[in-house]
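Remarks on the overall topology
So the chains spell out like this:
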Amino acid sequence: MSFFNFFKKRRSPHDNREGTMRVNKVLLGIAVFFLFLGWLFFYWLTCLPVTLDSNASIWCYGSTLAIVVGLLLAAFQKDSDDWDTGFFAEYGKGFIPLAVFLVGYIVIGFFISSPMLHASAYAQRISISQVTEFKESDLPVFDPEQLPWVSEEQAQVLGDKKLGELGSIGSSTHMGEYVRQEVNGELFYVSPILWDGFFEYNSDPSGTPGYVMVSMTNDSDVRLIDELDGQPIKLRYQPRAAWGDKLARHTRDAYPTLAIAEWKFEVDEELRPYWVGSYIEKTIGLAAPDVRGALIVDAQTGEIGKYGLEEIPDWVDRIQPTSYIEDQINWWGHYSGGFWNTWFGKSNLTELTAGNTMVFKDGDCYLFSGLTAAGGTDASTVGFVLTDYRTKETVYYHRTGATEEAAMTSAMGDDRVRPSGYVAEFPIPVMIEGQPTYFFGLRDPDSNVNKAFGLVNIEQHQIVGIGSTINGAKTDYLTRLRSYKGGALSTPTVGLVDVEGVVLRIGSYADGGNTFYKFVVDSAADKILLADTSLAEISITKEGDKVKVRVVKTDESTWSVFSFDNLEFTQELSELEEAVSQTEVEQKLDEIAEDPNVASGEEFKEWFNELTPEQQDEFLKSLEG
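Now for a description of the structure that goes with this document.

Our focus in this paragraph is a nonpolar patch on the surface. A contiguous nonpolar surface patch, about 1,100 Å² in accessible area, is contributed by V103, V107, I108, F111, I112, M116, L117, W340, W343 and F344. If you tally residues by element for the nonpolar patch, the top one is helix α5 (residues 96–112), at five residues. Structurally, the position occupied by W340 is in the loop between α10 (322–335) and β13 (350–352).

Following this line, the structure appears as C-alpha cells:
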C-alpha cells in the first residue's frame, strides 16, 4: 500500500482527483518542511561547511537531499505501475535537473580540476627558490641545550604520568595530540586534557582542567598548567565536547561556509590556551586546497578571531598543514615538466622522501625533508627542502645526500648500537662546523626513553657519531669527521686549537642523567667552553685555576673541549709508566698508519684522553709528521 493510497482510503466519495492532488500538495509541503528540519539537524550533526567547493559537503548534503526527495515523490505516486501519470509525473520531473546538476557538478568538476588540464597551475601552487649550498644560517646551529631530543613517545609517557596527578579525573579524560611549539623561546610539546566522550563531557560541561607542557630539550621539565593568574583553567571548547561546545559546531555556527583543514592546540606567550584552525579554499576548480587564514578560538571562553595570512599573531607557529605542504612540493616535483612527462618522458621527476621533521630556527618553524627521484628505490636524495610553516616560503638545496631513513639505518647498524636494539628517532638537521648533520635520539623500545644519541653527516652518511650523551655523540662525530679522507676533513687535527688561561667562571648542570661543565677562561672570554666528566680534572677545577684545553674551534659561541689539563695539578709518571705509555703511543701510531679509521674509534678516544697534555701534543705532532 503506497503512502498515497493510505490517504485515498479516507477520502470522501465526492472527492475527485483534483482534491486528492490538493491533499498531496499539503502533505508534500509538510514533508518538505520536516525534510528541511532534518537537513538542519544533519548540518548540525556533521558540522560540514555549506559551500560548493567542499566535496564532502556536496556529497553529504546533495545526495541526502536527492534521496529523501526521491523517496517522498515515490510515496506520493498514485499508481506505482504507471509513472507517466500521477503525482511523480506532475512534480517529480522538476527534480531531475537537480539530480543531474549534482552528479554533473562533481564528475565534471573533478575532471576539469585535474592535473591533466592544469599541470602548470599545480606546479606553481608553491614557490620554490633553488640554491646549491647550505649556509651556516640555514639550519639550527648545534647547541646541546637547545636540541629537541625528547621524543614524542617519551613526551606521551611523561604527560600521562603528569595527568595522574589530577587523581580520579584521569579515568574520564585523556591527553590530546602533543603539538610541538616554541613558547617564550623554549621548545615544548603542548597537549590539552580532553574528555573521553559524550557522557564524560556531560559529567562536567564547564571543561577539562588545563593542559600539559613537556620540554623538548629537558625530560625533567614537565608542567601541568591548570591555572592562570590564580584562576583555574577550564577547556570548555574541544573537539569531542557535545552540544554547542563541540569545537567544529561552535565555529560552524559563526562561519557556516568556511572549510577548516585542521585544528591544532597552541598557547600564547601568556600560556593562554587556544585552538588554531587553518581555513582554506579550493584554487583549481574543486581541487588544490590552499590556506587563506586562520580561526583562533579561545579554548575557555569560545571567543573566535578570524585572521588573514598577514594578520595571524606571531605566537602561532604553524598555519600551513603538513599534508598541504607535502602535496604542493610533490606537485612541483611531478608537474613542472608538464602532465604527460609524468607518464612518458619522466624527466627530472622528484618527490619528498618518506617522512619529514619540524625545525625551529630564530623563532620560526620549518618543515625539513629530503627530495628524491620519483619512483626511486635508493637511499640517496637529490636535494633537501626547507619550508616556512607560516608563509609557505620554500628553499630547495640542490645537494645530494642520505635520506632520513638511510641515516637512521646507518646509526642503528653501528656496532655500538646494534647489540642494544635501540631505535633511531626521526632525525632533525643541524649545522656542526658548517656540516649539515642529522641529529636523533636512540630510543629503548621497551621504555620509550632515549638511552643514546647519534649524529650522521647528511652528505656522507658513513660518518656516524654515537654517544650516551649529546656532547659525547658530538665529540665522537667530530673525531670521525676529521679522520674522514677528503678535502678539508683529511686529518684528525683540523680545527683543534689550544686555549690556555685562568678560569673566570665555571658551573655544572645535569642533563639526561649526566653532568656537564661550562666555563670561561680569560684568554677567550667571549666563548663558553663545554666539557663533560670524561675529562677527569674538570670536576676538581675552580675559578682562578690556570688551565690548558684543546678545543674544537668554530664560529659558534660555544666550543667543545677535546682535552683538559688543570695546570694547578701535576701528576708525575714513573719511569716504568712513561716507558709503557711511549710503547702504547708507538703502537697506536703504527695502527693508524695501517688503518686511519682507527683514530675514529671510541677506544682510541678513551686512550687519547688518558694521556697527559704533553703526551697528546707529542702524539699529534708525530701523527702530522
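So much for the structure itself; the text now carries on.
With that settled, the discussion passes to the pattern of salt bridges. Under the definition given, this model contains 23 salt bridges. Two residues, R418 and D415, come together in a salt bridge whose shortest N-O distance is 2.6 Å. Judged by relative accessible area, R418 falls into the partly exposed class, the value being 47%. Note that E500 is salt-bridged to K546, the shortest N-O span being 3.6 Å. On the criterion of sequence distance, the pair formed by E500 in strand β25 (residues 496–511) and K546 in strand β28 (residues 546–552) is long-range, its members being 46 residues apart. Using a relative accessible area of 41% as the deciding quantity, one classes E500 as partly exposed. Using a relative accessible area of 36% as the deciding quantity, one classes K546 as partly exposed. Through salt bridges with shared partners, a single ionic network connects R125, E281, D290, R292 and K392.

On to the pairing of strand β17 (residues 383–388). Every regular strand shows the same layout, with side chains that alternate between the two sheet faces. When you tally the buried positions in β17, you get six out of six residues, the bulk of the element. Every second residue of β17 is oriented toward a common face, with G383, V385 and T387 on one face and F384, L386 and D388 on the other, all of them buried. In terms of strand pairing, strand β15 (residues 364–373) meets β17 through six bridges, oriented antiparallel. Paired with G370 across the bridge in β17 is F384. Sheet topology note: the β17/strand β18 (residues 394–397) ladder contains four bridges and is antiparallel. Within the sheet, the bridge partner assigned to L386 lies in β18 and is V395. If you look at the hairpin formed by β17 and β18, you'll find five residues sitting between the two strands, and K392 has a positive phi there, around 70°.

Criteria and cut-off values
Residues numbered from 1 in each chain as written. Predicted model: local features only at pLDDT ≥ 70, side-chain atom pairs only at ≥ 80, totals over all residues. Heavy atoms only, no water. Patch = residues over 30% accessible without salt bridge, like charges linked within 9 Å, V, L, I, M, F, W, Y side chains within 5 Å. Areas by Shrake-Rupley, 256 points an atom, 1.4 Å probe, with all protein chains shown as cover. Salt bridge = Lys/Arg side-chain N within 4 Å of Asp/Glu carboxyl O. Helix = DSSP H or I, 4+ residues; strand = E, 2+ residues; numbered from the N terminus. Buried < 20%, exposed > 50% of the residue type's maximum accessible area, 1.4 Å probe, protein only. Pairing = 2+ DSSP bridges.

Read these as layout, nothing more, since geometry by itself doesn't imply function.
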